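Chain by chain, the residues run as shown.
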Amino acid sequence: MKIITRFLMSFFLITGMSVYAAEPGTLQITEPWARESPPTMTNGAVYMTLTNTGSETDRLLEGSGEVAETIELHTHIMENHVAKMRKVESIEVATGQPTVLQPGGLHIMLIGLKQPLTAGQTFPLTLRFEKAGEIPVEVTVRGKDADAAEMPQSDGHAHHHHN
Amino acid sequence: MAPRARTLLVAAVAILAFGLGLWLNFGLLPDRVDPPAIAGIFLEPPRSVEDFTLIDQTGQPFTKDRWHGKWTFLYFGYTFCPDVCPLTLLELSKMQKILAQEHLDQNNAYLFISVDPARDTPERLGQYVPYFNPKFQGATGTPEQLAGLAKQFGVYYKIPDAPEGNYTVDHSSTVLLIDPQVRLRAVFTEGQPALMAADFRKILEYDTAH
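A short tour of the structure in this document, coming up.

Topic: the overall build of chain B
Here is step 1 of the chain: In terms of regular secondary structure, chain B is built from five helices and 10 strands.
Here is step 2 of the chain: Across its three principal axes, chain B shows a C-alpha extent of roughly 95 × 40 × 30 Å.
Here is step 3 of the chain: When each of the 210 residues of chain B is scored for burial, the buried share is 37%.
Here is step 4 of the chain: Sequence-distant contacts in chain B: of pairs separated by 6 or more residues, those separated by 24 or more amount to 69%.

Structural notes on helix α2 (residues 84-101) of chain B
Residues and elements named next belong to chain B.
Here is step 1 of the chain: Here α2 contains 18 residues, and its C-alpha end-to-end distance of 26 Å stays within 8% of the 26 Å for a straight helix at 1.5 Å per residue.
Here is step 2 of the chain: The buried fraction of α2 is high, at 14 of 18 residues.
Here is step 3 of the chain: Downstream of α2 by a residue or two, His103 has a phi angle that is positive, lying close to 60°.

Description of the interface of chain A and chain B
Here is step 1 of the chain: With 23 residues of chain A in contact, the opposing surface of chain B contributes 25 residues.
Here is step 2 of the chain: Mapped onto the side of chain A that touches chain B, the elements with two or more residues apiece are β2 (43-52), β5 (82-88) and β8 (107-113) of chain A.
Here is step 3 of the chain: Broken down by element, the side of chain A that touches chain B gets its largest block of residues, four residues, from β5(A).

Some remarks on the sheet that holds strand β3 (residues 61-63) of chain B
Residues and elements named next belong to chain B.
Here is step 1 of the chain: In spatial order, the strands read β1-β10-β9-β4-β5-β6-β2-β3; together these eight strands make up an open sheet with mixed pairing. Pairing within the sheet leaves two strands with one partner each, and these edge strands are β1 (40-48) and β3. If you compare each strand with its neighbour and ignore which way they point, the axes differ by 30° on average.
Here is step 2 of the chain: Relative to strand β10 (residues 183-188), β1 is paired through five bridges, and the arrangement is antiparallel. Following the sheet pairing, Gly40 is matched in β10 by Phe188.
Here is step 3 of the chain: Running over the sheet, α2 touches β4 (72-77), β5 (109-114) and β9 (175-178) and is turned about 170° from β4.
Here is step 4 of the chain: The sheet contacts of helix α3 (residues 122-132) involve β2 (53-56), β5 and β6 (136-140), and relative to β6 the element is tilted by about 155°.

Regarding the pairing of β2(B)
Residue and element names in this part refer to chain B.
Here is step 1 of the chain: Bridging between β2 and β3 involves three bridges; their strand directions are antiparallel. Across the sheet, Leu54 pairs through a bridge with Phe62, a residue of β3.
Here is step 2 of the chain: Between the antiparallel neighbours β2 and β3 lie four residues, among them Gly59 with a positive phi of about 90°.
Here is step 3 of the chain: In this structure, β2 lies alongside β6, joined through two bridges in antiparallel fashion. Bridging from a neighbouring strand, Asp56 pairs with Ala139 of β6.

Considerations on the packing of α2(B) against helix α5 (residues 193-209) of chain B
All names here are of chain B.
Here is step 1 of the chain: Interhelical geometry of α2 versus α5 gives an angle of 50° and a closest axis separation of 8 Å. Here α2 lies oblique to α5, going by the angle between them. Crossing angle aside, the handedness with which α2 passes α5 is right-handed. Each of Glu91, Lys94, Met95, Ile98 and Leu99 in α2 lies in contact with α5, whose residues at this interface are Pro193, Ala194, Met196, Ala197 and Phe200.
Here is step 2 of the chain: For the contact of α2 with α5, the per-class residue count stands at eight nonpolar, no polar and two charged.

Structural notes on the pairing of strand β3 (residues 58-64) of chain A
Put simply, side chains in a regular strand alternate between the two faces of the sheet.
All names here are of chain A.
Here is step 1 of the chain: The pairing of β3 with strand β6 (residues 91-93) spans three bridges and is classified as antiparallel. Bridging across to β6, Asp58 finds its partner in Val93.
Here is step 2 of the chain: Taken together, the four bridges between β3 and strand β9 (residues 122-129) define a ladder with antiparallel strand orientation. Across the sheet, Gly63 pairs through a bridge with Leu127, a residue of β9.

Observations concerning the environment of Glu123(B)
Here is step 1 of the chain: Structurally, Glu123(B) can be placed in helix α3.
Here is step 2 of the chain: Placed 16 residues apart in sequence, Glu123(B) and Ala139(B) show a C-alpha to C-alpha distance of 10.0 Å.

Here we look at unusual backbone geometry
Residue and element names in this part refer to chain B.
Here is step 1 of the chain: Following Glu44, the chain continues into Pro45 via a peptide bond in cis, with omega recorded as 5°.
Here is step 2 of the chain: Within the secondary structure, Pro45 is located in strand β1.
Here is step 3 of the chain: Phi is positive for His103, close to 60°, though the residue is something other than glycine.
Here is step 4 of the chain: For His103, the location among the structural elements is in the loop between α2 and β5.
Here is step 5 of the chain: Look at Val182: it is not a glycine, yet its phi comes out positive at around 55°.
Here is step 6 of the chain: What makes Val182 partly exposed here is the crowd of 18 C-beta atoms within 10 Å.

Definitions and cut-offs
Residues numbered from 1 in each chain as written. Chains lettered and ligands numbered in written order. Predicted model: local features only at pLDDT ≥ 70, side-chain atom pairs only at ≥ 80, totals over all residues. Helix = DSSP H or I, 4+ residues; strand = E, 2+ residues; numbered from the N terminus. Buried ≥ 20, exposed ≤ 12 C-beta atoms within 10 Å, placed from the backbone. Contact = placed C-beta atoms within 7 Å. Expected span 1.5 Å × (residues − 1). Pairing = 2+ DSSP bridges. Axes fitted to C-alpha atoms, helices over the stretch in contact; angles between N-to-C directions. Parallel < 35°, antiparallel > 145°, perpendicular 65-115°, else oblique. Left-handed = near helix turned anticlockwise from the far one by under 90°. Nonpolar A, V, L, I, M, F, W, Y, C, P; charged D, E, K, R; others polar.

This is the structure:
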């Protein structure tokens, strides 16, 4: 084969493949956290902020790990002040603005925790994205008083805790 | 009638009418205090709570008599709820602390009613509820009793028809306020602690002004 043909083939092969592979580091995951388990609770929820700095919309497809029997993606639909929690097949992470998983909204649900979650512990979770692939994270467990940013403090300003 | 006499008569009637108007507005009819504007629904007139029987977390019967003489904050949910119920109970707990700081929690009650008695036994409630705040109490009941009570308060919930495994229960996320005369006074639709505390204060002030 002529060198120019081989060169052109390689060129197109590489650029073609790059369409399927996201540039590394375009999916940022910040502050993955979960609440500590109230007594008797065997379900939990993981929250985080997903930022897509790439050029194409990505999708969180699943979470996996040893922390619970089943891990699913869920959202809350609020209709007339009725909370309806629903499983979703994926969570879209568009470019431009962060996708936030937070209480009352999107979350990764942990069904059948093997151990209750306790404040201060961390546990591993692997997130699988359609484009960005598998990204492992360490989830921090916060105690019930940890997200006390709104609490009025005696010295006049709120303390924001980062565990 | 002579023109001048008529003018005087008209003037006299006008003055009388004006005087009557002033008297009616400021003297005869009581001052009207506007109902408080809250983030939610303020019930005017209040709605008396009808009889019901629930079971408290110690397994004892629980009737509306327990609500006499105190303000009660009510929330309907279930313990297997991973997100909204812990969130709301934590917000209620923060609200309770704000009220305590403002000396507005002399004798309040805070009650979590589980609409999922199949899984939420009194014993389970007794372990789950105090975690959020030692002042919080739990209760549940038979499906019929729960349905009746929820209907009284306009609270919606739905247990799946064929519940299996880890089923989820849709439910209203509102917080209800019952007064010391055991009447429904308000439905808070926004859970922010400072906002609920402020709305409770407005309702107390409204009651004092009446």
